[in-house]
Amino acid sequence: MKELIRAAFEARKYSYSPYSHFEVGAALECEDGTVFTGCNVENAAYGPSNCAERTAIFKAVSEGQKNFKRIAIVGGKKGESVAPAPCGVCRQVMSEFCKPDFEIIMAKTEDDYEVMTLSELLPKGFILDE
């Protein structure tokens, strides 16, 4: 778990957040052990901005991966560290690609973190019947 959190901190360094100044990094672990990272990328129009979690998930999907185990998320203003929870849009994207027992690691440091499952964070997610 610490390796995944470290990877999220590394990804946070690439955050493009000139408006909120809130830098976020994420590291997504696939079932096969492959890790994809992402950072938040803001835009002056706000709508086109993308969260770190979705960046990592979209990178993985674009490379043919769709079986995910867990994600570590770190963030905060420059020089700070908080344990950020995924926004509603990210939770919905996770529900599209992840199982209910998918783990979300919200980390302040490598040793200070909380783990919740997707079903705990999004108990009644929007899912289409197949």
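Here we summarise the structure given alongside this text. (Residues numbered from 1 in each chain as written. Predicted model: local features only at pLDDT ≥ 70, side-chain atom pairs only at ≥ 80, totals over all residues. Heavy atoms only, no water.)

By size, the foremost hydrophobic cluster in this structure holds 20 residues, and its most contacted members are L28, F68, I71, M94, F102 and I104. Those elements giving two or more residues to this core turn out to be β1 (22-30), α2 (52-62), β3 (68-77), α3 (88-97), β4 (103-107) and α4 (118-121). With residues near it in sequence (within four places) discarded, L28 still touches L4, T34, V35, F36, A56, I57, A60, F68, R70, I71 and F102. Residues A27, A72, V74 and A107 belong to the second largest nonpolar core, which totals eight residues. (Core = buried A, V, L, I, M, F, W, Y, C linked by side-chain atoms within 4.5 Å. Buried < 20%, exposed > 50% of the residue type's maximum accessible area, 1.4 Å probe, protein only. Helix = DSSP H or I, 4+ residues; strand = E, 2+ residues; numbered from the N terminus. Contact = heavy atoms within 4.5 Å.)

Attention shifts here to the pattern of salt bridges. Where charged atoms from two side chains of opposite charge approach closely, those side chains can pair. The final tally for this structure, using the stated rule, is six salt bridges. Measuring nitrogen to oxygen at the nearest pair gives 2.8 Å for the salt bridge that ties E110 to R6. In this pair, E110 is assigned in the loop between β4 and β5 (113-117) and R6 in helix α1 (residues 2-12), connecting sequence segments 104 residues apart. Judged by relative accessible area, R6 falls into the partly exposed class, the value being 40%. (Salt bridge = Lys/Arg side-chain N within 4 Å of Asp/Glu carboxyl O.)

For the rest of this paragraph, the subject is the pairing of β4. Of all five residues in β4, four are buried, a share of seventy percent or more. When β3 meets β4, the two strands line up parallel, connected through four bridges. When the sheet's bridge partners are listed, R70 is paired in β4 with E103. Traced from β3 through α3 to β4, the parallel crossover comes out right-handed. As paired elements, β4 and β5 share five bridges and run antiparallel to each other. The partner of M106 across the bridge, within β5, is E114. (Pairing = 2+ DSSP bridges. Right-handed = clockwise from strand over helix to strand, strands pointing away.)

So, about the environment of I57. Relative to the helices and strands, I57 resides in helix α2. According to the relative accessible area criterion, I57 is buried, its value standing at 0%. Residues within four places of I57 in sequence aside, it is in contact with L28, F68, V93, M94 and F97.

Turning our attention to the packing of aromatic side chains. Considering all chains together, one arrives at one aromatic pair under this definition. Each ring, one from Y19 and one from Y46, has its centre 6.2 Å from the other, and the planes form 65 degrees; the classification is edge-to-face. Here Y46 lies in the loop between β2 (35-39) and α2 and Y19 lies in the loop between α1 and β1, a separation of 27 residues in the sequence. (Phe/Tyr/Trp six-rings, centres within 6.5 Å; stacked < 30°, edge-to-face > 60°.)

Using the criterion set out here, one finds zero disulfides in the structure. With no disulfide partner, C51 has as its closest neighbouring cysteine sulfur the one in C90, 3.8 Å distant. Its relative accessible area of 22% is what places C51 among the partly exposed residues. (Disulfide = S-S within 2.5 Å.)

Let us now look at α2. Among the residues of α2, those classed as buried are A52, E53, R54, T55, A56, I57 and A60. On its buried side, α2 packs onto β1, β2, β3 and α3. Downstream of α2 by one or two residues, G64 has phi in the positive range, about 90 degrees.

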